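Results of the structural survey
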Amino acid sequence: MKKALVISGGGSKGAFAGGVAQYLMKKENREYDLFIGTSTGSLMVSHLALSMLDDLKVLYTNVNQETIFSNNPFNIKKIAGEKVVSINHFNTLWNIILGRKTFGESKNLRSLIKNNITREMYNKIRESNKEVVVTVSNLTANQIEYKSSNDCTYEDFCDWIWGSCNYIPFMSLLEKNHCQYADGGFGSLVPIREAILRGATEIDAIILETEVTQTNKVPSKNPFALLFDVFDFMLTHVERHNITIGKLAANNKKVKLNLYYTPTVLTTNSLVFDQKLMRKWWKSGFKYAKSKREELMSEFRPDVLTDQEIEEGIDNVENLNL
């Protein structure tokens, strides 16, 4: 039996996924053989494979804009208690003058990855029976690629994690092996199917969006805002497609699939890294996982069902068989 943990993309919302994973691994003692992440999920899976949850929590609750961006294309202002994001025209223009391909640069994130996912950690993962996989979008070949800790060097592994997180055109473009790579979420935001193809028989998938759309977008007021809205629209549909395909594949292969969505909308801009909010989201993820597990367990315990509910369930199954 092979168990997998899948974590979707979601930028700063990864803090919520950390809380969910902490509950599952520490309180439920769930162990996994395979860890697959996209974007922010790819940043987390190495620590999770080594059960380094305390280190991961410190990392995810102490990052900020400076930790991620070497050239930040955003201005963040507080208006009436709310954070409003606008274009940093000077930084954006400077990137264009320098002939760079993106509005911003995320070289600080590359350094963060190297400092926090060490060669020693990489070697421990390789020596264990666990596999860590990150998702990248190969823009040159027009395809999704999955990079395993079993198949690449330490330096390459760090590059792939960085590439998986780079939400272009606001962050850096990874150019490697004569190809251009970007955020894995552009094609595979929730890589459930990949976990099944790699032999998983039970999957816990953490999805950093609500199960049902809960917000209407405020009309865009500038090109950046419009670009964000377009990307959000596309990624929402990529996510739904990934989940639908994942469910179908799980049903076909008789794989047990547990989905953990965010119960509420955490943020409308996941490229804003607010330490206070991320600490709050980590705690929320922990509490949500606890309630979700209790809900899942009750579904499989006949003693908490009434006789009438059991009879209705049997009738429903018989009707389905017909």
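Below is a short write-up of the structure. If you're wondering where the values come from, they're calculated on a predicted model, not measured in any experiment.

Definitions and limits used
Residues numbered from 1 in each chain as written. Predicted model: local features only at pLDDT ≥ 70, side-chain atom pairs only at ≥ 80, totals over all residues. Heavy atoms only, no water. Helix = DSSP H or I, 4+ residues; strand = E, 2+ residues; numbered from the N terminus. Expected span 1.5 Å × (residues − 1). Buried < 20%, exposed > 50% of the residue type's maximum accessible area, 1.4 Å probe, protein only. Pairing = 2+ DSSP bridges. Core = buried A, V, L, I, M, F, W, Y, C linked by side-chain atoms within 4.5 Å. Contact = heavy atoms within 4.5 Å. 1 Å grid on protein atoms, 1.4 Å probe; cavity = no way out; pocket = protein on both sides within 12 Å on 5 of 7 lines; lining within 4 Å. Points joined across faces, edges and corners; volume = space filled by probe spheres on them. Nonpolar A, V, L, I, M, F, W, Y, C, P; charged D, E, K, R; others polar. Salt bridge = Lys/Arg side-chain N within 4 Å of Asp/Glu carboxyl O. Polar contact = N/O pair within 3.5 Å; in protein donor to acceptor, adjacent residues only side chain to side chain.

With respect to helix 10 (residues 223-253)
Taking 1.5 Å of rise per residue, 31 residues should cover 45 Å, and helix 10 covers 44 Å from first to last C-alpha, within 8% of that figure. Following helix 10 by one or two positions, Lys254 adopts a phi angle in the positive range, close to 60°.

What about the pairing of strand 9 (residues 202-207)?
Most of strand 9 sits inside the fold, with 6 of its 6 residues counted as buried. The two faces of strand 9 match: Glu202, Asp204 and Ile206 on one face and Ile203, Ala205 and Ile207 on the other face are all buried. Alignment of strand 1 (residues 3-7) against strand 9, held across 5 bridges, turns out to be parallel. Counted as the bridge partner of Lys3 is Glu202 from strand 9. By the bridge criterion, 6 bridges tie strand 9 to strand 10 (residues 256-261) in an arrangement that is parallel.

Description of the nonpolar core
Formed by 65 residues in total, the largest nonpolar core has its most connected members in Leu48, Tyr60, Leu109 and Ile206. No other element matches the 8 residues that helix 1 (residues 14-27) contributes to this core. Sequence-distant contacts of Tyr60, that is, excluding residues within four places in its chain, are made with Gly11, Gly14, Ala15, Thr40, Leu43, Met44, Met278 and Trp282. Ala205, Ile243, Ala249 and Ala250 belong to the second-largest nonpolar core, a separate cluster that totals 21 residues.

So, empty space enclosed by the protein
The full count for this structure, using the stated rule, is 2 cavities of 30 Å³ or more. In this structure, the largest cavity encloses a volume near 40 Å³. Taken together, Lys13, Leu208, Glu209, Thr210, Thr262, Thr264, Val265, Leu266 and Thr267 make up the lining of the largest cavity. Classifying every residue of the lining of the largest cavity by side-chain character gives 3 nonpolar, 4 polar and 2 charged. Leu43, Leu59, Leu112, Ile113, Asn116 and Ile117 together form the lining of the second largest cavity. The element best represented in the lining of the second largest cavity is helix 6 (residues 107-116), accounting for 3 residues. Per-class residue counts for the lining of the second largest cavity are 5 nonpolar, 1 polar and no charged.

Regarding helix 1
With 14 residues, helix 1 should cover 20 Å at 1.5 Å per step; its first-to-last C-alpha distance of 19 Å lies within 8% of that length. Within helix 1, 12 of the 14 residues are buried, leaving the element largely enclosed by the surrounding structure. Inspection of helix 1 places Gly14, Ala15, Phe16, Ala17, Gly18, Gly19, Val20, Ala21, Gln22, Tyr23, Leu24 and Met25 among the buried residues, and these make up the whole buried set. Asn29 sits one or two positions beyond helix 1 and adopts a positive phi of about 55°.

Quick look at the pattern of salt bridges
One pass over the structure, following the stated rule, counts 17 salt bridges. In this structure, Lys114 engages Glu155 in a salt bridge whose closest nitrogen and oxygen atoms are separated by 3.2 Å. Of this pair, Lys114 sits in helix 6 while Glu155 sits in helix 8 (residues 154-165); the two residues are 41 residues apart in sequence, bridging distant segments of the chain. Overall, Lys114 belongs to the partly exposed group, its relative accessible area being 31%. Across the salt bridge formed by Glu145 and Lys147, the nearest N and O atoms sit 2.7 Å from each other. Overall, Glu145 belongs to the buried group, its relative accessible area being 13%. Each member of the salt-bridge network shares a partner with another, and the members are Arg110, Lys114, Arg119, Glu155, Asp156, Asp159 and Lys176.

Quick notes on the environment of Thr267
Here Thr267 shows up in the loop between strand 10 and helix 11 (275-299). Overall, Thr267 belongs to the partly exposed group, its relative accessible area being 24%. The sequence separation of Thr267 and Ser12 amounts to 255 residues, and the corresponding C-alpha distance is 8.7 Å. Every residue in contact with Thr267, bar those within four places of it in the chain, is listed here: Ser12, Lys13 and Trp281. Within the local environment of Thr267, its side chain forms a polar contact with the backbone nitrogen of Asn269, the two atoms lying 3.1 Å apart.

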